[in-house]
Amino acid sequence: TQAPVNVTVTGAAGQIGYALLFRIASGQLLGQDVPVKLRLLEIPQAVKAAEGTAMELEDGAFPLLAGTDIFDDPKQAFEGTNIALLVGARPRSKGMERGDLLEANGGIFKPQGEAINAGAADDIKVLVVGNPANTNALIARSHAPDVPADRFTAMTRLDHNRALAQLSKKLGVPVTELKKLAIWGNHSATQYPSVQHAEVSGKSVDVDQAWLENDFIPTVAKRGAAIIEARGLSSAASAASAAIDHVFTWVNGTPAGDWTSAAVASDGSYGVPEGLISSFPVTAENGQYKIVQGLEIDDFSRARIDASVAELVEERDTVQKLGLI
Ligand code: NAI
């Protein structure tokens, strides 16, 4: 039998953590034949709540769950870890400027990057969920110089899934008939959900530009706010589900003839500055995400991609000035 894969989850006592951990324990993160060992990282005040979740995990009697350990020290939490899901982050509080938010998150993602660099397994894969996800991933990566840059990713799979759902409703087809949607840029309101290369049942998608600009794009980009408005809490189960999808695809690959979306280190493709963690259409093969190359980009898409990438450049410049990268 296979040795358990070590999965570290930060922010384990939070709402995404609560939805995510049970899906990992049930085998949905990696596959039905892969045992997992959970390593939960929380801040000291939330360790007790994480212990409660760990009791419930135990009560699930999951055949694939080889154990759960709880830590409040990143050095220990990332020791020997194969998959790191960085969910815990500092939310924006009232009156907080963007610079303050980035600085507060630097205080979390810098030590976590260092701990990953020092102790994680050689095959470490990192998914940052905690916002601002792209730039938090950039901060963590810059403090893990010994880890290949392509192991640090940020989550835009929720945006991708939201785009699939909206387009499926509009066209009246199941999501399984849709291929080659893409999220470009930042996981923020500037993101660009693109149908330029999308296919429905093997044919190109034909929707009017007004619907794209006035309905589809804003609905996908502002869905997080709409969920908060309706639920009184931010998206959690859908975010957890997307995190499961992101890692499962990374490890098990994308189907032939399709791609997905993930924020990965740019190789300079499509005019996105090299090293920036930006969302692209990606395929996965042999445990590696690769940016889909050679797509033609129309003028509308170009302007939208550039606007979102400009925001990422601004965030990068801010954290650079703050000495966080
Ligand atoms: P939450 O507030 O319920 O939980 C966050 C948890 O992180 C708390 O238990 C907190 O104690 C913990 N935490 C804070 N600092 C930590 C540290 N240094 N180390 C370990 N744990 C720490 O938040 P929720 O709803 O679970 O969301 C988590 C993050 O995910 C937020 O930043 C949210 O904005 C983001 N998010 C990202 C999405 C995406 O698509 N990329 C979608 C939805 C949420």
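The numbers attached to residues start from 1 for each chain and follow its sequence in the written order. Only residues with pLDDT of at least 70 get local features here, since the model is predicted, and only at 80 or more are side-chain atom pairs given and counted; chain-wide, interface and lining totals rely on the full set of residues. Only hydrogens and water are set aside when side-chain values are computed; all heavy atoms of the structure are taken into account.

### Some points on the overall build of the protein chain
Inference 1: Only DSSP runs of H or I with at least four residues qualify as helices, and only runs of E with at least two residues qualify as strands; both kinds are numbered from the N terminus onward. Helices and strands together make up the secondary structure of the protein chain, namely 10 helices and 14 strands.
Inference 2: Radius of gyration: over C-alpha atoms. The globule rule applied is 2.2 Å multiplied by the number of residues raised to the 0.38 power. Taking 325 residues into account, the globule formula puts the C-alpha radius of gyration at 20 Å, and the protein chain, at 19 Å, falls close to it.
Inference 3: Referenced to the eigenvectors of the C-alpha coordinate spread, the extents of the protein chain come out at roughly 50 × 45 × 40 Å.
Inference 4: Relative accessibility thresholds used throughout: buried, under 20% of the residue-type maximum; exposed, over 50%; partly exposed, between the two (1.4 Å probe, protein chains only). Each of the 325 residues in the protein chain was classed as buried or not, and the buried ones make up 51%.
Inference 5: Any two residues having at least one pair of non-hydrogen atoms within 4.5 Å are treated as being in contact. Partitioning the contacts of the protein chain with sequence separation of at least 6, the portion at a separation of at least 24 is 73%.
Inference 6: Accessible area of the protein chain: about 14200 Å², with a carbon and sulfur share of 50%.
Inference 7: When charges are counted, Lys and Arg contribute as positive and Asp and Glu as negative, whereas His and the chain ends are disregarded. Where a charge lies is defined by one atom per residue type: Lys uses NZ, Arg uses CZ, Asp uses CG and Glu uses CD. Charge centroids of the protein chain, computed over 28 positive and 39 negative side chains, lie 3 Å from each other. Surface accessibility in these figures is a Shrake-Rupley result with a 1.4 Å probe; residues are shielded only by whichever protein chains are displayed.

### Digging into the packing of aromatic side chains
Inference 1: Pairs were defined over the aromatic rings of Phe, Tyr and Trp, the Trp ring being its six-membered one, requiring ring centres within 6.5 Å. Orientation was assigned from the angle between planes: stacked under 30 degrees, edge-to-face over 60, tilted for the rest. Tallied over the entire structure, the rule returns 8 aromatic pairs.
Inference 2: Centre to centre, the rings of Tyr192 and Phe300 are 5.9 Å apart; their planes meet at 75°, and the pair counts as edge-to-face. Highlighted residues: Tyr192 in strand β9 (residues 192-194) and Phe300 in helix α10 (residues 299-321), separated in sequence by 108 residues.
Inference 3: Residue classification places Tyr192 among the buried residues on the basis of a relative accessible area of 4%.
Inference 4: A relative accessible area of 23% places Phe300 in the partly exposed class.

### With respect to α10
Inference 1: Along its 23 residues, α10 runs 33 Å from first to last C-alpha, staying within 8% of the 33 Å computed at 1.5 Å per residue.
Inference 2: For α10, the full list of buried residues reads Ser301, Ile305, Ser308, Val309, Glu311, Leu312, Glu315 and Val319.
Inference 3: Backbone geometry just downstream of α10 places Gly323 in the positive-phi region, at approximately 75°. Expected span of a helix, by definition, is 1.5 Å for each gap between consecutive residues, and there is one gap fewer than residues.

### Looking at unusual backbone geometry
Inference 1: Residue Asn131 is joined to Pro132 through a cis peptide bond whose omega torsion reads -10°.
Inference 2: Looking at where Pro132 falls in the secondary structure, it is placed in the loop between β5 (125-128) and α5 (133-142).
Inference 3: One non-glycine residue, Ala61, lies in the positive phi region at around 45°.
Inference 4: Here Ala61 shows up in the loop between α2 (47-59) and β3 (65-71).
Inference 5: Positive phi, close to 50°, is recorded for Asn286, a residue that is not glycine.
Inference 6: The residue Asn286 is located in the loop between β13 (277-285) and β14 (288-291) in this model.

### Quick notes on the sheet that holds strand β10 (residues 199-200)
Inference 1: Two strands are said to pair when DSSP picks up at least two bridges between them. Pairing is antiparallel in the open sheet, where 3 strands are placed in the order β7-β10-β11. Of all strands in the sheet, those with a lone pairing partner are β7 (178-179) and β11 (203-204), marking the two edges.

### A look at the environment of Gly323
Inference 1: Relative to the helices and strands, Gly323 is located in the segment after α10.
Inference 2: Considering only alpha carbons, one finds Gly323 and Gly106, 217 residues apart in sequence, at a separation of 9.3 Å.

### With respect to the pairing of β13
Inference 1: The element β13 is extensively covered by neighbouring structure, given that 7 of its 9 residues are classed as buried.
Inference 2: By the bridge criterion, 6 bridges tie strand β12 (residues 260-265) to β13 in an arrangement that is antiparallel. Following the sheet pairing, Ala262 is matched in β13 by Phe280.
Inference 3: Across 4 bridges, β13 lies against β14 in antiparallel orientation. Across the sheet, Ala284 pairs through a bridge with Tyr289, a residue of β14.
Inference 4: If you look at the hairpin formed by β13 and β14, you'll find 2 residues sitting between the two strands, and Asn286 has a positive phi there, around 50°.

### Quick look at the side chain of Ser261
Inference 1: Position of Ser261 relative to the elements: it lies in strand β12.
Inference 2: A distance of 2.8 Å separates the side chain of Ser261 from the side chain of His160, its partner in a polar contact.
Inference 3: Once you skip the residues sitting within four places of it in the chain, Ser261 turns out to touch Thr156, Arg157, His160, Leu181, Ala182, Ile183, Ser279, Phe280 and Val282. Polar contact criterion, stated in full: a pair of N or O atoms within 3.5 Å, where within protein one must be able to donate a hydrogen and the other to accept it, and residues adjacent in sequence count only if both atoms are side-chain atoms.

### Let's talk about the confidence of the model for the protein chain
Inference 1: Averaged over all residues, the pLDDT of the protein chain is 97; the fraction at 70 or higher stands at 100%.
Inference 2: Confidence estimates for the predicted assembly give a pTM of 0.98 and an ipTM of 0.99. Each residue carries a pLDDT value, the predictor's own confidence for that position, ranging from 0 to 100.

### Remarks on helix α1 (residues 15-25)
Inference 1: Considered for burial, the residues of α1 that qualify are Ile16, Gly17, Leu20, Leu21, Ile24 and Ala25. The buried residues of α1 occupy an angular sector of 140° when projected down its axis, which confines them to one face.
Inference 2: Its buried side turned inward, α1 meets β1 (5-10), β2 (36-41), α2, β3, β4 (83-86) and α9 (237-252).
Inference 3: Backbone geometry just after α1 places Gly27 at a positive phi near 100°. Within this analysis, the arc is defined by the directions that extend from the helix axis to the C-beta atoms.

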